[in-house]
Amino acid sequence: MKIAVYTLGCKVNTYESEYVIKEFLKRGYELTSFDDDTADIYLINTCTVTNTSDQKSRKMIRQAKAKNKWCIVAAMGCFTQIRNNDNAIYDYVDVVIGNKDKSKIVDLIENYIKNRNKILKIEQIDDATFDDMEISYFNTRTRALVKIEDGCENFCSYCIIPYVRGKVRSKKKEKVIEEVTRLVNNGYKEVVLTGIHTGHYGSDLKDYDFSDLLNELQNINGLERIRISSVEITELNDKFLDTLKKCDKIANHIHIPLQAGSNHILKLMNRKYDKDYYINKINEIRSIRPDIAITTDVIVGFPKESIDDFNETIDFVKKVNFAGGHVFPFSPRSGTVASKMTGMLTKAEKHNRCKMLINVFDNLEEEYYKKHIKKEVKVIPENYLDGTLKGHTDNYLLVSFKGCEALIGKSVNVKITDYKDKVLIGKIKE
């Protein structure tokens, strides 16, 4: 039977989908594209971070059923977790599961194949334990995701995720170390540690935290880079900073969400820091790693965001001197505190502000890239086409250079000669 999988949302969803695909392949299924109208099973791993994500999730579920009236349609994830009585979905699906026990989706689909009774398995997430999933190979040749944590307890006023992912829960350290070691033995030089609230790893474990894990992963022979997908500024305590100083395998790039550069808006968002706390922590990081790439996320057009608040955010982004960032227009998420706030901005105003801030980030990113011209960098090539290799540095700069396909997955020293369209151009250092 042919299985097609479509993934929406974050890196955690990507990891979970990869695990499920491997489980299908182990059982003899054939993986095919989601565009294939002849698939026997279509699985959608959904997202609900914004109302737009809901719309995309619902659209993909309906599209799957329209492809082949005899097919089996299954859906899982954040969107299905919160839409636990949405008839507009259930009319189109045969198997539905939320975020609890997602690792069992293949078993559920096979149960449906046997008896053809619709399965709706959406359970309370509050008492969930960590749903163990382990991967030996990933869908890239050089970089692998490793999910180490699930859940969030921050309850930012705009965010639905704590309600659909539940409390923080961590993968046992032994399992993380075993998984990373196995990936390294299978040729992966770099792992990306990911979770819903990655830096909070270990808060449910006894006397063991994120820094302890990083220190142990540092000792794995053959592992060259430990990349952190995203971490909150409040999680970068003194112990983490000491770990950053000692562990040279931690990639020279950290993504630290800001969300707003105005204390007024940060308070309305229920973020757990102010501007002074944020910039002081950034300065501490740069005292350890002067050339580190720090990227971020910013939400534009939050309720009650005045033009002064927005200009304050622009000034603060420049002051921090990020190496790049993602900009999102505020989208009221049903079920959150922010969705009930007054002072909503118009779509046009949010659009204009997004354009302005994106331009600021583009300029900062270009400036950071160009700082590396004439420098020597270490690149792990990921792609090869017509004599040209492309890969990332440890501070996540994309580099293009001439070379042979045999270099994919190997560390290569490259002298940077130029920059063009968010890509550094270089030559292999002889």
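Predicted model, so just to flag it, every value in this text is computed and none were measured.

(A) Expanded view of the pairing of strand β17 (residues 412-420). Looking at chain direction, strand β14 (residues 376-385) and β17 are connected through four bridges and run antiparallel. Residue pairing across strands places K378 opposite N413, the latter belonging to β17. Here β17 runs beside strand β18 (residues 423-428); their pairing, made up of six bridges, is antiparallel. Directly across from D418, in β18, lies its bridge partner I425. Counting the residues that bridge the hairpin from β17 to β18 gives two residues, and of these D421 lies at a positive phi of roughly 50°.

(B) A look at the sheet that holds strand β13 (residues 324-329). The seven strands are arranged β8-β7-β9-β10-β11-β12-β13 in an open sheet whose pairing can be described as mixed. Pairing within the sheet leaves two strands with one partner each, and these edge strands are β8 (169-170) and β13. Sheet analysis places strand β10 (residues 225-228) next to strand β11 (residues 250-255), joined by two bridges and oriented parallel. Within the sheet, the bridge partner assigned to I228 lies in β11 and is I254.

(C) The pairing of strand β12 (residues 293-300), seen in detail. For β12, the tally of buried residues reaches eight of eight residues, placing the bulk of the element in the interior. The alternating pattern of β12 places A293, T295, D297 and I299 on one face and I294, T296, V298 and V300 on the opposite face, and all of these are buried. Bridging between β11 and β12 involves three bridges; their strand directions are parallel. Residue pairing for β12: I254 is matched across the bridge by I294.

Rules behind the numbers
Residues numbered from 1 in each chain as written. Predicted model: local features only at pLDDT ≥ 70, side-chain atom pairs only at ≥ 80, totals over all residues. Heavy atoms only, no water. Pairing = 2+ DSSP bridges. Helix = DSSP H or I, 4+ residues; strand = E, 2+ residues; numbered from the N terminus. Buried < 20%, exposed > 50% of the residue type's maximum accessible area, 1.4 Å probe, protein only.

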